[in-house]
Amino acid sequence: TSYFQPENMMEGNQPAQAGVYPPDYFAPDDYTERSLDWITDHRAGSPDKPFFLYLAYQTPHAPLQAKPEDIRKYRGRYDAGWDKIREERFQRQRAAGLLEPNAQLIERNPGIPAWDDLTPEMRALHARYMEVYAALVDNVDQNIGKLVAHLKHLGQLDNTILMITSDNGANS
């Protein structure tokens, strides 16, 4: 569904009542704002009771859609292509001691062509995909930051367990 005009949204066990979304609507931001409101309401009504919040962002799964201001931050960042970026990341991980000294960069996944074998149009398209993907991950980071700041403001951060999990990410 669309991140900007989602369909089939649920609120509790009922379809969400949303016919038209405001122009600046973005679903992951809304999930965070609703969560902050629920936590605040819970703390106001039951300050001594623990709470459980399951905040499930669909990000960064398809469809790859992000806010223009987040995408702008990554414009051009992936123009070098996935082969060069993989190598650079591997070398940074090695330099940081995150890899065994004898670790080798594995081959590209089957079916993924060498970046240099793509047409200029396909390189531009795939660079754009990577920019949008990065912008979606950035947006989740921003929203988790809002959640952490809110918990800190309420004096609940030290009394909260945050578990952040992810599946394997977006589509191929």
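Keep in mind the model is a prediction, meaning the values are calculated, not measured. (Residues numbered from 1 in each chain as written. Predicted model: local features only at pLDDT ≥ 70, side-chain atom pairs only at ≥ 80, totals over all residues. Heavy atoms only, no water.)

### Considering the confidence of the model for the protein chain
Low-pLDDT portions of the prediction should not be read for the details of their coordinates.
Move 1: In this model, the protein chain carries a mean pLDDT of 90, and residues with pLDDT of at least 70 account for 95%.
Move 2: The spread of mean pLDDT over the elements of the protein chain runs between strand β1 (residues 10-11), the lowest at 73, and helix α2 (residues 68-72), the highest at 97. (pLDDT = per-residue confidence, 0-100. Helix = DSSP H or I, 4+ residues; strand = E, 2+ residues; numbered from the N terminus.)

### Regarding the nonpolar core
Move 1: Counting 16 residues, the largest nonpolar core has Ala66, Tyr78 and Trp115 as its most contacted members.
Move 2: Mapped by element, the contributors of at least two residues to this core are α3 (82-95) and α4 (120-153).
Move 3: Among the elements that make up this core, the one with the highest residue count is α4 (six residues).
Move 4: Met9, Tyr25, Tyr57 and Ile144 belong to the second largest nonpolar core, which has nine residues in total. (Core = buried A, V, L, I, M, F, W, Y, C linked by side-chain atoms within 4.5 Å. Buried < 20%, exposed > 50% of the residue type's maximum accessible area, 1.4 Å probe, protein only.)

### Quick word on a nonpolar patch on the surface
Move 1: On the surface, a nonpolar cluster with roughly 250 Å² of combined accessible area is contributed by Met122, Leu125 and Tyr129.
Move 2: Looking at the secondary structure, you find Tyr129 in helix α4. (Patch = residues over 30% accessible without salt bridge, like charges linked within 9 Å, V, L, I, M, F, W, Y side chains within 5 Å. Areas by Shrake-Rupley, 256 points an atom, 1.4 Å probe, with all protein chains shown as cover. Salt bridge = Lys/Arg side-chain N within 4 Å of Asp/Glu carboxyl O.)

### So, the pattern of salt bridges
Move 1: For the structure shown, the criterion picks out eight salt bridges.
Move 2: Its salt-bridge partner being Lys67, residue Asp29 comes within 2.7 Å of it at the nearest N-O pair. One end of the pair, Asp29, is in helix α1 (residues 27-45); the other, Lys67, is in the loop between α1 and α2, with 38 residues separating them in the sequence. Of the two residues examined, Asp29 and Lys67, each falls in the buried class.
Move 3: We note a salt bridge from Arg34 to Asp30, for which the minimum N-O separation is 3.0 Å. Here Arg34 pairs with Asp30, and both are found in helix α1, just four residues apart, close to one helical turn.
Move 4: Accessibility expressed as a relative area gives 28% for Arg34, which makes it partly exposed.

### Topic: the packing of α1 against α4
Move 1: Between α1 and α4, the shortest axis-to-axis distance is 10 Å and the interhelical angle comes to 10°. In terms of orientation, α1 lies roughly parallel with respect to α4. Taking contact as the criterion, the partners of Pro28, Asp29, Thr32, Glu33, Leu36, Ile39 and Thr40 in α1 are, on α4, Asn139, Asn143, Lys146, Leu147, His150 and Leu151.
Move 2: A per-class count over the contact of α1 with α4 returns five nonpolar, five polar and three charged. (Axes fitted to C-alpha atoms, helices over the stretch in contact; angles between N-to-C directions. Parallel < 35°, antiparallel > 145°, perpendicular 65-115°, else oblique. Contact = heavy atoms within 4.5 Å. Nonpolar A, V, L, I, M, F, W, Y, C, P; charged D, E, K, R; others polar.)

### Description of unusual backbone geometry
Move 1: In this model, Thr59 is joined to Pro60 through a cis peptide bond whose omega is 0°.
Move 2: Note that Pro60 resides in the loop between α1 and α2.
Move 3: In this model, Ala62 is joined to Pro63 through a cis peptide bond whose omega is 5°.

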